[in-house]
Amino acid sequence: GNVNGDGGYGYGYGYGFRNDFRYGNSYENENGNRARFQSNSDYYDPVTTAWRGYQTGIDTSQTSDRNISPEIEKFWKRLCDCKTAGSIDISSQHDRTLWQRTWQAAASGVFLDRYRDHEPFSVLVRELISRPQASQPATRDLIAAAIAAFLESSLQSKVPNDRSSLPSFVERMNLIMNAIDNRVSFDAGQIQDPQRMRSALATITQAFPGIMGELMTKFQTIPPTASSWMRTLENIKRVEIPEAKIVRNGEDGWTAGDGYEDLTTAWTEWFDEPTVGWLTRGEFLESPQLTPTYESCEQYATTLLRIWTLLTFYWGAGAVWAKCRHHPQNAGRGGGGGVVDDTKVCGEPLMCRTTSGSSRCSRCYHQQGTWSCSRIGHKDTICQTCLNTLQTELLGDGQYASTDVYDATVERDTIRRDGVIAVLRNVKSRRPPKIEPNWHTSYRLQNGALVAVVRLLASKQKITRDLEIQWAEIVPIDPLNQLNEGKSRSEGRMAVRLLSQADCRMLRPDVEVLERNQPVAIIDVRVFVKEVMPVLSTFADCDGFTKHIEGIPFIDQIIGSGGEAVHSVEFSLAEVEDQPRALVIQKAIEASGIHYLARLSPEQKGRIVTGLVDLTKEANLYGTQLTAFLAGLS
């Protein structure tokens, strides 16, 4: 078969394989780290196994529990109940939106799982052909992906054995070829996701030879229209899909693509209609330069916002980010490949921007590494191109999916004092760990944790970067019996409360309640709402916070822009740990530059020391936390 030179796909008559030049022939182990295998046949068998391209979204091993968004299922049934193609009016914005989303759901393959006779899909294609170009889905890659899902399902379910069923089967094939010829455009302006289009076309060219072989084997004949099918396939194989456009913002060479937003929104997009793309771009991971002096209160306030945004959403981005593959046996070999014990690899997200002239990407070995591990001595790096490809797989469903992304379905909602609570069922990681977590001690989905809720058209749908995010807090299903939360997690049940302006002043005052049976994806952000959101809310209101700190009499000393230098006493970690707590607190107060403390009598200072000792014990301050506390006293 012929292989697309840019590593997108392979195709041929009767056989094929996926060739990914960025990784070679590889698979991803349980911890998200790649290891080598020996032959292409381990990845794809064109007859007995469905194409594993992540863009089509079909998981052949788990389809029985997939469900559809309620509004999409209603619209789908309207199409199926309609006797004449094109008679449903989709001129309204609401119905046009449903029409687009129905094609997205069809591309995910969920309808083919629900309706094994494929007739509803034929109805959808007839509707498409009967309508003018203006009413087509906004991007042609959706049509191609939906057709690919249909053909993939046809290859799995085999050509019908009964000759009486052959005419209807051939009619569906003719419909498919008609749609490809007249409704699938290869214009770059009509393709939102080039990789999805590339993968879909690969699947189409892979599936048809298998179907033709089945027809010959069972009926010793081919349909009269088969020659036109082959001409269409030849045209497909000559198509060259353009790569995603790459743009660079600023002098630091920040790389972005596919219409990425300007960097000025990087630290505010989390409350201004956030999307999955905001997490995957990781623009907010660019930490600000911390200095002793700041030119203005605005610069100081912006720096605080950038730091706190980074701290809040670091692990949320890490859920859909490449992980460090450094292993002790590969030390000094650039992060290394080869088969390793994945339980001992580093596993930290590669979220540190590399400097110019750094090592090459550990995945493709021919581009400059853009992201690296924060740990000293770990040489694993990844370029932006490989990161984008890997993130698409992490957001899919299957062996490449992220372990911190979960599928769930809304079971019901209930009203409590803290708001509207959505109870979820069938909560399951897209790549569960090999060992069942101890839900009472695991970092996963803890009560009070911040999560990103993504509404899906169908369960296990591939998560695209344009899908909106709603922030939510994990809450107990039963507030009076929280000890059973671990058991509920093991049973796949959880409850969330969507955050609103009552939790953070920058969020919307009202939120759209999750509808019953709505499929959702959950991204675990792994921080606690009550610890981070109040502070983030304060810093996010930059104008209000700036005006507030401008009113502080000694603000010039705080930001170092003028006036008397801020008095500070440094305490080493060893000094704090080796001496009695009361003694180091007394030293901090005695050396303090706070005028009020300096004017106190020894007896008053003694009482303050006693109170502060009790306070630090109650707050469980130790190590670097205690040293920072002592520095604040000075």
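Residues numbered from 1 in each chain as written. Predicted model: local features only at pLDDT ≥ 70, side-chain atom pairs only at ≥ 80, totals over all residues. Heavy atoms only, no water.

## Let's talk about the pairing of strand 12 (residues 449–455)
Here's step 1: Counting buried positions over the seven residues of strand 12 gives six, a clear majority of the element.
Here's step 2: Examined bridge by bridge, strand 12 and strand 15 (residues 519–528) share six bridges and lie antiparallel to one another. In the strand pairing of strand 15, R455 is matched with V520.
Here's step 3: Note: strand 12 against strand 13 (residues 470–475), four bridges, orientation antiparallel. (Buried < 20%, exposed > 50% of the residue type's maximum accessible area, 1.4 Å probe, protein only. Helix = DSSP H or I, 4+ residues; strand = E, 2+ residues; numbered from the N terminus. Pairing = 2+ DSSP bridges.)

## Structural notes on the pattern of salt bridges
Here's step 1: Counted by the stated rule, this structure contains 17 salt bridges.
Here's step 2: A salt bridge links E283 to R281, with the nearest nitrogen and oxygen atoms 3.3 Å apart.
Here's step 3: Using a relative accessible area of 2% as the deciding quantity, one classes E283 as buried.
Here's step 4: The shortest N-O distance in the salt bridge between R325 and D380 comes to 3.6 Å. Here R325 is found in the loop between helix 10 (297–318) and strand 7 (352–353), whereas its partner D380 is found in the loop between strand 8 (371–372) and strand 9 (381–382), with 55 residues between them in sequence.
Here's step 5: Look at D380 and you get buried, because its relative accessible area is 0%. (Salt bridge = Lys/Arg side-chain N within 4 Å of Asp/Glu carboxyl O.)

## Points about helix 19 (residues 602–618)
Here's step 1: Between its first and last C-alpha atoms helix 19 spans 24 Å; for 17 residues at 1.5 Å apiece the expected length is 24 Å, and the two agree.
Here's step 2: Taken residue by residue, helix 19 has K605, V609, L612, V613 and T616 as its buried positions. Down the axis, helix 19 shows its buried residues gathered within 105° of arc, on one side only. Seen from the buried face of helix 19, the exposed residues on the opposite side, beyond 90 degrees, are E603, R607 and E618.
Here's step 3: The inward-facing, buried residues of helix 19 contact helix 17 (581–590), helix 18 (595–598) and helix 20 (624–633).
Here's step 4: Phi turns positive one or two residues past the end of helix 19, at N620, with a value near 60°. (Expected span 1.5 Å × (residues − 1). Arc of directions from axis to C-beta. Contact = heavy atoms within 4.5 Å.)

## Description of the environment of I68
Here's step 1: Residue position: I68 is located in the loop between strand 4 (34–36) and helix 1 (70–81).
Here's step 2: Taking relative accessible area as the criterion, I68 reaches 3% and is therefore assigned buried.
Here's step 3: Taking the C-alpha atoms as reference, I68 lies 9.8 Å from K460; in sequence the two are 392 residues apart.

## Some details on the nonpolar core
Note on soluble globular proteins: their nonpolar side chains tend to be buried together.
Here's step 1: Core analysis: the largest hydrophobic core is formed by 63 residues, its most contacted members being W270, F313, I382, L450, W471 and M533.
Here's step 2: Every element with two or more residues in this core is listed here: helix 9 (276–281), helix 10, helix 11 (384–394), strand 12, strand 15, helix 13 (529–540), helix 14 (542–550) and helix 15 (555–559).
Here's step 3: Per-element tally for this core: the top contributor is helix 10, with eight residues.
Here's step 4: The next biggest cluster of nonpolar side chains, apart from the first, holds 50 residues, and it includes W76, L128, I180 and L233. (Core = buried A, V, L, I, M, F, W, Y, C linked by side-chain atoms within 4.5 Å.)

## Focus on the packing of helix 10 against helix 14
Here's step 1: The contact between helix 10 and helix 14 brings their axes to 9 Å, and the two run at 125°. One element, helix 10, and the other, helix 14, form an angle in the oblique class. Read as a crossing pair, helix 10 and helix 14 show a hand that is right-handed. For the pair formed by helix 10 and helix 14, the contact residues are C297, E298, Y300, A301, L304 and L305 on the first element and C542, F545, T546, I549 and E550 on the second.
Here's step 2: The residue makeup of the contact of helix 10 with helix 14, split by class, is eight nonpolar, one polar and two charged. (Axes fitted to C-alpha atoms, helices over the stretch in contact; angles between N-to-C directions. Parallel < 35°, antiparallel > 145°, perpendicular 65-115°, else oblique. Left-handed = near helix turned anticlockwise from the far one by under 90°. Nonpolar A, V, L, I, M, F, W, Y, C, P; charged D, E, K, R; others polar.)

## Here's the deal with the layout of surface pockets
Here's step 1: The computed volume of the second largest pocket comes to approximately 900 Å³.
Here's step 2: Those elements that provide at least two residues to the lining of the second largest pocket are helix 2 (93–108), strand 12 and strand 13.
Here's step 3: If you tally residues by element for the lining of the second largest pocket, the top one is helix 2, at six residues.
Here's step 4: Residues belonging to the lining of the second largest pocket are distributed by class as follows: 15 nonpolar, eight polar and 12 charged. (1 Å grid on protein atoms, 1.4 Å probe; cavity = no way out; pocket = protein on both sides within 12 Å on 5 of 7 lines; lining within 4 Å. Points joined across faces, edges and corners; volume = space filled by probe spheres on them.)

## Remarks on a nonpolar patch on the surface
Here's step 1: Together, I415, V420 and V513 make up a nonpolar patch on the protein surface, roughly 270 Å² of accessible area in all.
Here's step 2: The exposure class assigned to V420 is partly exposed, which follows from its relative accessible area of 37%. (Patch = residues over 30% accessible without salt bridge, like charges linked within 9 Å, V, L, I, M, F, W, Y side chains within 5 Å. Areas by Shrake-Rupley, 256 points an atom, 1.4 Å probe, with all protein chains shown as cover.)

## A word on the packing of aromatic side chains
Here's step 1: Counting across every chain of the model gives 11 aromatic pairs.
Here's step 2: Arranged with centres 4.4 Å apart and planes meeting at 25°, the rings of W278 and F284 form a pair that is stacked.
Here's step 3: Taken together, a centroid distance of 5.2 Å and an interplanar angle of 65° make the contact between F539 and F545 edge-to-face. Note on accessibility: F539 and F545 belong to one class, buried.
Here's step 4: Among the aromatic side chains, those forming a connected cluster through ring pairs are W270, F271, W278, F284, F313 and W471. (Phe/Tyr/Trp six-rings, centres within 6.5 Å; stacked < 30°, edge-to-face > 60°.)

## Remarks on helix 8 (residues 226–237)
Here's step 1: In this model, helix 8 (12 residues) spans 17 Å end to end at C-alpha, consistent with the 16 Å of a helix rising 1.5 Å per residue.
Here's step 2: Restricting attention to buried positions, one finds in helix 8 the residues A226, W229, T232, L233, I236 and K237. Angular distribution of buried residues about the axis of helix 8 spans 140°; they occupy a single face of the element.

## Description of the sheet that holds strand 9
Where strands meet in a sheet, backbone hydrogen bonds hold them as pairs that are either parallel or antiparallel.
Here's step 1: Reading across the sheet, the three strands line up as 7-8-9 and stay open at both edges, with antiparallel pairing between neighbours. The sheet terminates laterally at strand 7 and strand 9, the two strands that pair on one side only.
Here's step 2: Relative to strand 8, strand 7 runs antiparallel, the two sharing two bridges. Bridging across to strand 8, R353 finds its partner in W371.

## Section: the pairing of strand 13
Here's step 1: Most of strand 13 sits inside the fold, with six of its six residues counted as buried.
Here's step 2: Side chains of strand 13 alternate between two faces, with Q470, A472 and I474 and W471, E473 and V475 buried alike.
Here's step 3: Where strand 13 meets strand 14 (residues 494–498), four bridges bridge the pair, whose relative direction is antiparallel. Opposite I474, over in strand 14, you have V496 as the bridge partner.

## So, the sheet that holds strand 14
Here's step 1: Around the barrel, which closes on itself, the six strands sit in the order 10-11-14-13-12-15 with antiparallel pairing between neighbours. Ignoring which end each strand starts from, the neighbouring axes of this sheet average 45° apart.
Here's step 2: Contacts from helix 10 reach strand 12, strand 13 and strand 15 within the one sheet, and its direction differs from that of strand 15 by about 135°.

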